[in-house]
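Structural description and commentary
Residue strings, one per chain:
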Amino acid sequence: MSINAEEIQAPQLKDLSIVRNEQKELNIVPVHHLDRAFKTATFGMGCFWGAESLYGGTRGVLRTTVGYAGGTKDQPTYRNLGDHTEVLEIDYDPTVISYQQLLHIFWNNHEYGLTTAIKRQYMSIILYHDDEQKQIAELLKAKEGKKRAPEVITTEIAPKRNFYPAEDYHQKYRLQGHRDLSETLNLNSKLLKTSYVATKLNGYLVGVGGVEQFKTEVDTMGLTPSQKEYCYHYIEKNEGQGLYC
């Protein structure tokens, strides 16, 4: 019978008192908010779980929230979506990453639906927040269309008129799979939608960005030594793997 050494060596956080003691003794608290100027982008690119991890592990992204937008139904839910689409709202630092760079990620990381008509829930959509975003999106869509010809890009470009956050169990879905780590971050319903550290770890833990990039950002997150060890293990384990829903 073979033994998976990797699983034996995987760090555990089940004794939460260890992390709590580190937080108290080292005066470390999870960083849920960064006081930085930001802009917001809203994209739909298939299932929003994978998209949230993809952008969460991207440098310059400060917060992500998954939700429903683009339709007319009031107060949509996952089970009663109406004519809305699953989308991701991204708060980003424009001094670190541009709207054009966010769109480059958008064009190249659809799970499905970029050049194939698909039901509205998972359609490709860009919801612009101002005229500048509209102009950039339309210009880059035209360039992308030429590059992909004879395929035809199906992406809809429309103004962002509404946004309804999805249910809590959809927010930071990959991070929530790490229950003990999530508990040590003191996440609640509000922080699942707004937390900086939750946004970043939801991407990094599935390998987005990789170990070396994580090293450049980890000290901004308010993690204890035990939390860092746990995260390094899973980032290294998952680096280079594809995203999925």
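Here is a short report on the structure shown in this document. (Residues numbered from 1 in each chain as written. Predicted model: local features only at pLDDT ≥ 70, side-chain atom pairs only at ≥ 80, totals over all residues. Heavy atoms only, no water.)

A few words on the overall build of the protein chain. When helices and strands are tallied, the protein chain shows 11 helices and 6 strands. On C-alpha atoms alone, the protein chain measures out to a radius of gyration of 19 Å, which is about the 18 Å that the 2.2 N^0.38 rule sets for 245 residues. Projected onto its principal axes, the C-alpha coordinates of the protein chain cover approximately 55 × 40 × 40 Å. Burial analysis of the protein chain (245 residues in total) assigns 52% to the buried set. Taking all contacts inside the protein chain whose residues are at least 6 apart in sequence as the whole, residues at least 24 apart take part in 76%. Within the structure as shown, the protein chain displays about 12200 Å² of accessible surface, and the carbon and sulfur contribution to it stands at 49%. In the protein chain, 28 side chains carry a positive charge and 31 a negative one; their mean positions are 4 Å apart. (Helix = DSSP H or I, 4+ residues; strand = E, 2+ residues; numbered from the N terminus. Rg over C-alpha atoms; globule rule 2.2 N^0.38 Å. Buried < 20%, exposed > 50% of the residue type's maximum accessible area, 1.4 Å probe, protein only. Contact = heavy atoms within 4.5 Å. Areas by Shrake-Rupley, 256 points an atom, 1.4 Å probe, with all protein chains shown as cover. Lys, Arg positive; Asp, Glu negative; His and termini not counted. Charge placed at Lys NZ, Arg CZ, Asp CG, Glu CD.)

Within strand 1 (residues 39-45), 6 of the 7 residues are buried, which leaves it mostly tucked inside the rest of the structure. Of the pairings in the sheet, the one linking strand 1 to strand 4 (residues 124-128) comprises 4 bridges and is antiparallel in character. Looking at the pairing, M45 lines up with S124 of strand 4. (Pairing = 2+ DSSP bridges.)

Inspection of the secondary structure assignment puts E22 in helix 2 (residues 16-25). Of the polar contacts made by the side chain of E22, one reaches the side chain of T224; its length is 2.6 Å. A polar atom in the side chain of E22 sits 2.8 Å from the side chain of S226. Discounting chain neighbours no more than four positions away, the residues touching E22 are N27, T224, P225 and S226. (Polar contact = N/O pair within 3.5 Å; in protein donor to acceptor, adjacent residues only side chain to side chain.)

Where helix 9 (residues 196-204) contacts helix 10 (residues 210-217), the two axes come as close as 11 Å, and the packing angle between them is 165°. Taken together, the axes of helix 9 and helix 10 lie roughly antiparallel to each other. Between helix 9 and helix 10 lies a crossing of left-handed hand. Only G210, Q213, F214 and E217 of helix 10 make contact with helix 9, whose side of the interface consists of Y196, K200, L201 and Y204. Grouping the amino acids of the contact of helix 9 with helix 10 by side-chain chemistry returns 4 nonpolar, 2 polar and 2 charged. (Axes fitted to C-alpha atoms, helices over the stretch in contact; angles between N-to-C directions. Parallel < 35°, antiparallel > 145°, perpendicular 65-115°, else oblique. Left-handed = near helix turned anticlockwise from the far one by under 90°. Nonpolar A, V, L, I, M, F, W, Y, C, P; charged D, E, K, R; others polar.)

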